[in-house]
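# Commentary on secondary and tertiary structure
The residues making up each chain are set out below.
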Amino acid sequence: MNETATSFATSRDRHLFGPGPKRLLALDGGGVRGAITVAFLERIEALLKERHGSDVLLGNYFDLVGGTSTGAIIAGALALGYKTQQVKEFYLKLAPYAFKRGHFRVPLLQAKFDARGLRNQIEGVVGKRELSSPDLVTGFCVITKRMDTGSPWIISNNPRAPYWEDGEDYIGNKHYPLVNLVRASTAAPHFFDPELLPISHTKALPDSVAKPLNTPWLARALHTLLEDFGLRKPVKIDTDDYGLFVDGGVTPHNNPALALFQMATFNPFKIRWPTGPDNLTVISLGTGTYRPRLQYNDLGFARNTKLALHALMSLMTDTEMLALLLMQWMGECPQPWTINSEIGTGADGSPKGGKMFRFLRYDVKLETKWLATELNYKISDRALERLRGMDDPTVVPFLYEIGRAAAEAQVKLEHLSA
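Since this is a predicted model, take the numbers as computed values, not measurements.

## Considerations on a nonpolar patch on the surface
A cluster of nonpolar side chains, contributed by Leu 309, Leu 312 and Leu 315, occupies part of the molecular surface with about 320 Å² of accessible area. Looking at the element boundaries, Leu 315 is found in helix H11 (residues 303-330).

Next comes the structure, spelled out in structure tokens:
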């Protein structure tokens, strides 16, 4: 089909299927550390304004934006045409409400945070829109994990993708509410309750499952305790009709750059962007990375539990580094990151057919030496541990300032295609 830039009914379709070089923006997960991402986005937007002499919406500049967890929230706002200043204001507002812990939540028996605060903030941005909304001015992708099938869900507003329209026994992707999809991508186990989404044509969920009980904390805690000790039967649902979703960070795609590249180029998704550094630019924004370390003498009490949790966090870091390695190997990198002392950056190699895109990774290393050397930022070990967490909203201003300093040093005008 010979399609021109003016032959598309929506801005979304022009970005996804129109001719010309393409730009892809991938945003990592990381909870409150998303403040670092916001700082990088501000810098990109400011440089584009400098070049063009007027404001440039990142939702218009990029042809596909997507993210995992907190990255999904920010990507959704950009895809809806928000300016980065609005995203910053929203993010600074979201963190304290989303990560507000109730005074009487029961550890291990309840999620650490009440998801209603997070949902309300997300809905304040995306409203009642569905994935097919024309208000999404560009391509938009969310990464989440469906636990009942054990599969990552990489779901976008691509109308040519499989399962977009209704099937005989399933609801088409186009009908999923944005608030549910983004909430699913942010439903980090332990921190927030999972998200139930209807996947087939069925009646609504029972109120006691669809939304938290609008009862005092003691009643909610009592319900949970009775269910966990088998003294009260939990509400049952037809598991063939609903999917159980959690944070996309527990997939291999907490850094979603590789997943979004697949979405944009693999045949089943029918976008099929041409590859090559002149045809495709991928910009990947991190939320701060570090190498989790655990010494034997640090195990102490409940050592097996501590070891298991630390191993899971380390696995997330390993998958992020694998995605970064592959992207740097496949892409042309003006400023690659070191993977480890054995491999180096991996950017000096390439696939047999040559580099497949231009790749730019902007991030912060939450390591004492790196912060001091690269940003002249001195910080104590105790303060650094707080910044590494994903659920303390009081550190958001500090994370933003670190991100702003890193953005000033890393993001350059020549990185951004005209």
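Following the structure, the description resumes.
## Considering the packing of aromatic side chains
Applying the stated criterion across every chain yields a total of eight aromatic pairs. With 5.0 Å between their ring centres and 90° between their planes, Tyr 61 and Phe 62 make a pair best called edge-to-face. Taking the centre distance of 5.2 Å and the plane angle of 75° together, the rings of Tyr 163 and Tyr 170 count as edge-to-face. A relative accessible area of 53% means that Tyr 163 is categorised as exposed. Here Tyr 170 falls in the partly exposed class, since its relative accessible area comes to 26%. In this structure an aromatic cluster arises from ring pairing among Trp 153, Tyr 176 and Phe 245. Directly above the ring of Tyr 61 sits Arg 23, whose terminal nitrogen or CZ lies 3.9 Å from the centroid. Lying over the aromatic face of Phe 17, Arg 160 brings its terminal NZ or CZ to 3.7 Å of the ring centre.

## Section: the side chain of Gln 328
Note that Gln 328 resides in helix H11. According to the relative accessible area criterion, Gln 328 is buried, its value standing at 1%. For Gln 328, the side chain forms a polar contact with the main-chain nitrogen of Trp 337, separated by 2.7 Å.

## Some words on the environment of Leu 197
Mapped onto the elements of the fold, Leu 197 is located in strand E5 (residues 195-198). Through-space distance from the C-alpha of Leu 197 to that of Tyr 242 is 5.4 Å; in sequence the pair is 45 residues apart. Beyond its immediate chain neighbours, meaning those up to four positions away, Leu 197 contacts Tyr 176, Asn 180, Leu 181, Asp 241, Tyr 242, Gly 243 and Phe 245.

## Considerations on helix H12 (residues 368-375)
Residues of H12 that are buried: Trp 370, Leu 371 and Leu 375. Looking straight down H12, one finds that the buried residues subtend no more than 95° of arc, so they occupy a single side. Facing away from the buried side of H12, by more than 90 degrees, are the exposed residues Lys 369 and Thr 373. Contacts from the buried residues of H12 go to helix H13 (381-388) and helix H14 (396-410). Once H12 finishes, Asn 376 follows within two positions and takes phi at roughly 55°, a positive value.

## Focus: unusual backbone geometry
In this model, Arg 272 sits at a positive phi of 55°, which is unusual for a non-glycine residue. Secondary-structure assignment places Arg 272 in the loop between helix H10 (257-265) and strand E7 (280-285). One non-glycine residue, Asn 376, adopts positive backbone phi at about 55°. Structurally, Asn 376 can be placed in the loop between H12 and H13.

## Digging into the environment of Glu 320
With respect to the element layout, Glu 320 can be found in helix H11. Considering only alpha carbons, one finds Glu 320 and Asn 255, 65 residues apart in sequence, at a separation of 5.4 Å. Discounting residues that sit within four places of it in the chain, Glu 320 has contacts with Asn 254, Asn 255 and Thr 289.

## Some thoughts on the pairing of strand E2 (residues 64-68)
Most of E2 is tucked away, with five of its five residues classed as buried. Along E2, one buried face is formed by Leu 64, Gly 66 and Thr 68 and the opposite face, lined by Val 65 and Gly 67, is buried too. Across four bridges, strand E1 (residues 22-27) lies against E2 in parallel orientation. Bridging from a neighbouring strand, Ala 26 pairs with Gly 66 of E2. In this sheet, strand E3 (residues 139-146) lies alongside E2 in parallel orientation, the contact comprising five bridges. Residue Gly 67 lies in a different strand from E3, and its bridge partner there is Val 142.

## Points about the packing of H12 against H14
For the pair H12 and H14, interaxial distance at closest approach is 11 Å and the crossing angle is 55°. As far as their axial angle goes, H14 and H12 are oblique. Like other packed secondary-structure pairs, H12 and H14 cross with a definite hand, here left-handed. Residues Trp 370, Leu 371 and Leu 375 of H12 pack against Ile 402, Ala 405, Ala 406 and Gln 410 of H14. Its residues placed into classes, the contact of H12 with H14 shows six nonpolar, one polar and no charged.

## Quick look at the pattern of salt bridges
Side chains that carry opposite charge are capable of pairing whenever their charged atoms lie near each other. Across all of its chains, the model carries 17 salt bridges by this definition. Asp 392 is paired through a salt bridge with Arg 386; the nearest N and O atoms lie 3.2 Å apart. Take Asp 392: its relative accessible area is 22%, and that puts it in the partly exposed class. Residue Arg 386 is classed as partly exposed on the basis of its relative accessible area, which comes to 42%. Here the salt bridges do not stand alone but share partners, grouping Arg 293, Glu 367, Glu 385 and Arg 388 into one network.

The rules behind the values
Residues numbered from 1 in each chain as written. Predicted model: local features only at pLDDT ≥ 70, side-chain atom pairs only at ≥ 80, totals over all residues. Heavy atoms only, no water. Patch = residues over 30% accessible without salt bridge, like charges linked within 9 Å, V, L, I, M, F, W, Y side chains within 5 Å. Areas by Shrake-Rupley, 256 points an atom, 1.4 Å probe, with all protein chains shown as cover. Salt bridge = Lys/Arg side-chain N within 4 Å of Asp/Glu carboxyl O. Helix = DSSP H or I, 4+ residues; strand = E, 2+ residues; numbered from the N terminus. Phe/Tyr/Trp six-rings, centres within 6.5 Å; stacked < 30°, edge-to-face > 60°. Buried < 20%, exposed > 50% of the residue type's maximum accessible area, 1.4 Å probe, protein only. Lys NZ or Arg CZ within 6 Å of the ring centre and 35° of its normal. Polar contact = N/O pair within 3.5 Å; in protein donor to acceptor, adjacent residues only side chain to side chain. Contact = heavy atoms within 4.5 Å. Arc of directions from axis to C-beta. Pairing = 2+ DSSP bridges. Axes fitted to C-alpha atoms, helices over the stretch in contact; angles between N-to-C directions. Parallel < 35°, antiparallel > 145°, perpendicular 65-115°, else oblique. Left-handed = near helix turned anticlockwise from the far one by under 90°. Nonpolar A, V, L, I, M, F, W, Y, C, P; charged D, E, K, R; others polar.

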